[in-house]
Amino acid sequence: MKTKNKKKILITGVAGFIGFSLAQKILQSKNYYVIGIDNLNTYYSKKLKLKRLDLLKSKNFKFYKIDLTEKNKLYGLFKKHKFDIIFNLAAQAGVRYSFKNPKSYTNTNIIGFLNLIEMLKNFKVDRLFFASSSSIYGDQKPFPKKEDSELNPINLYSLSKLSNEQFANSMSKIIKTKMIGLRFFTIYGPWGRPDMMILKYLISAYKGSSFPLFNNGDHFRDFTYIDDAINICIFLIKIKLKKKFDIFNICSSKPVHITKILKEIDKYSKKPLIKKKARDKADVYKTYGDNKKIINFLKKKVKFTTHNQGVKNTCEWFLKNKKIFN
Ligand SMILES: NC(=O)c1ccc[n+]([C@@H]2O[C@H](COP(=O)([O-])OP(=O)(O)OC[C@H]3O[C@@H](n4cnc5c(N)ncnc54)[C@H](O)[C@@H]3O)[C@@H](O)[C@H]2O)c1
């Protein structure tokens, strides 16, 4: 495969929700060659991750099963391919699971991230985009949260993300690669994560299992549709970056009450049995980000999908593909 005139993009966590969605979109253009890595762990359905790897049908895509903690393999990968751009989307995600299995957060999100940055000392890469998270803002007013708002991580997941930002900030002073942190806010949509609310609810209804509803659903989330987040990432690939380090909120800036989303899903699917649970200590009450910084930076009209449309698309995708979750 001729890759000479194509830009090479490395996507870590390519079998994951955002990594897959980004790779799929990039591969619509003939100008890029995408190399994806993932350890294909079983935190959630491996079948779903393997299905996402249908990406391999594209001749501009190559996959390697590599864990970010395997430094030698990472070195070999960087030696073989000259990457122009990296998106680090591999992570141990989920806030509640961080109390159950803290080690997976330090291994992937901290050590794995450091290994990746180490590569940038030896190999020239123009820009690294890395996933941070809205959860680092914690649970305090005022809203909406701006990139320079006070940070207050309340669990190991958000701490690991904050450490990534701080580490990237300090390393960007000695490494040539520009480093941009993307604070994603509750990304949802087709091919989404079965451990997150919308798919979890649909799967419970499909399988006849009960759905745990925390705090009577009395939470707000700044639900952000996957295509909107991916469009922003695509703009960021092309735009000129002046700063060595920066941080952007990636959010629709429209928080929605959880019960409103569940009611919306009920229009398309039967209701699961609800099992009421107390508020979980890992959950913040509300996420609500300000997205003006990224919009002004891109100088583009950024379109955000309404939650009604986004939920509809997600439910329709699920109903067509529910056998993946058998
Ligand atoms: N989806 C959201 O709403 C959201 C919100 C905030 C932040 N984020 C962040 O965005 C990124 C992508 O999230 P996602 O929703 O696609 O999660 P995901 O779990 O679907 O994808 C992560 C992928 O990384 C892989 N992975 C995990 N550990 C690895 C390791 N050590 N080496 C190689 N691969 C590994 C997993 O197998 C998985 O396929 C993550 O960093 C996540 O923390 C996501």
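These numbers were taken from a predicted model, which means no experiment stands behind them.

S.K.: Can you walk me through the packing of helix α1 (residues 17–26) against helix α8 (residues 226–238) in this structure?
M.R.: Between two packed helices, what matters for the description is the angle formed by their axes and the separation of those axes. Across the interface, α1 lies against α8 with an axial gap of 10 Å and an inter-helix angle of 60°. Accordingly, the angle class assigned to the pair α1 and α8 is oblique. α1 and α8 meet at a crossing whose hand is right-handed. Together, I18, S21, L22 and K25 of α1 and I226, A229, I230, C233 and I234 of α8 make up the contact between the two elements. Taken together, the residues of the contact of α1 with α8 break down into seven nonpolar, one polar and one charged.

S.K.: Would you explain the site of the ligand in this entry?
M.R.: Near the ligand you find 29 residues, and of these G13, G16, A91, A131 and F184 are the closest. The set of elements that each furnish at least two residues to the shell around the ligand consists of α1, α5 (102–122) and β5 (127–133). Considering only residue class, the shell around the ligand consists of twelve nonpolar, 13 polar and four charged.

S.K.: Any chance you could explain α5 here in plain terms?
M.R.: For the α-helix, the turn length of 3.6 residues means that residues three or four positions removed from each other point alike. The end-to-end C-alpha distance of α5, which contains 21 residues, comes to 30 Å, matching closely the 30 Å that a straight helix rising 1.5 Å per residue would cover. Taking the largest bend as the criterion, α5 deviates by roughly 30°, centred on G112. Among the residues of α5, Y105, T108, N109, G112, F113, L116, I117, M119 and L120 are the ones counted as buried. The inward-facing, buried residues of α5 contact α3 (71–80), β4 (85–88), α4 (97–100), β5 and α6 (156–171).

S.K.: What is the right way to look at the sheet that holds strand β11 (residues 245–250) in this model?
M.R.: What links the strands of a sheet is backbone hydrogen bonding, and the strands pair in either a parallel or an antiparallel sense. Taken in spatial order, the seven strands make up an open sheet running β3-β2-β1-β4-β5-β6-β11, and their pairing is parallel. Both edges of this open sheet fall to β3 (61–65) and β11, since each of them pairs with a single strand only. On average, each strand axis in the sheet is tilted by 20° relative to the strand beside it, whichever way the strands run. Inspection of the sheet shows strand β2 (residues 32–38) paired to β3 by five bridges, in the parallel sense. Directly across from G36, in β3, lies its bridge partner F63.

S.K.: Would you explain the environment of Y288 in this entry?
M.R.: Structurally, Y288 can be placed in the loop between β13 (273–277) and α10 (292–298). In this structure Y288 comes out as buried when scored by C-beta crowding, with 21 C-beta atoms within 10 Å. Sequence separation of Y288 and K145 is 143 residues, and the distance between their C-alpha atoms is 6.2 Å. Here Y288 is in contact with F143, P144, K145, F220, D222 and P255, once residues within four sequence places are set aside.

What counts, and where the lines are drawn
- Residues numbered from 1 in each chain as written.
- Predicted model: local features only at pLDDT ≥ 70, side-chain atom pairs only at ≥ 80, totals over all residues.
- Axes fitted to C-alpha atoms, helices over the stretch in contact; angles between N-to-C directions.
- Helix = DSSP H or I, 4+ residues; strand = E, 2+ residues; numbered from the N terminus.
- Parallel < 35°, antiparallel > 145°, perpendicular 65-115°, else oblique.
- Left-handed = near helix turned anticlockwise from the far one by under 90°.
- Contact = placed C-beta atoms within 7 Å.
- Nonpolar A, V, L, I, M, F, W, Y, C, P; charged D, E, K, R; others polar.
- Near = placed C-beta within 6 Å.
- Expected span 1.5 Å × (residues − 1).
- Bend = angle between axes of the 7 residues up to and from the residue.
- Buried ≥ 20, exposed ≤ 12 C-beta atoms within 10 Å, placed from the backbone.
- Pairing = 2+ DSSP bridges.

In short, the description is geometric, and any link to function would need to be established separately.
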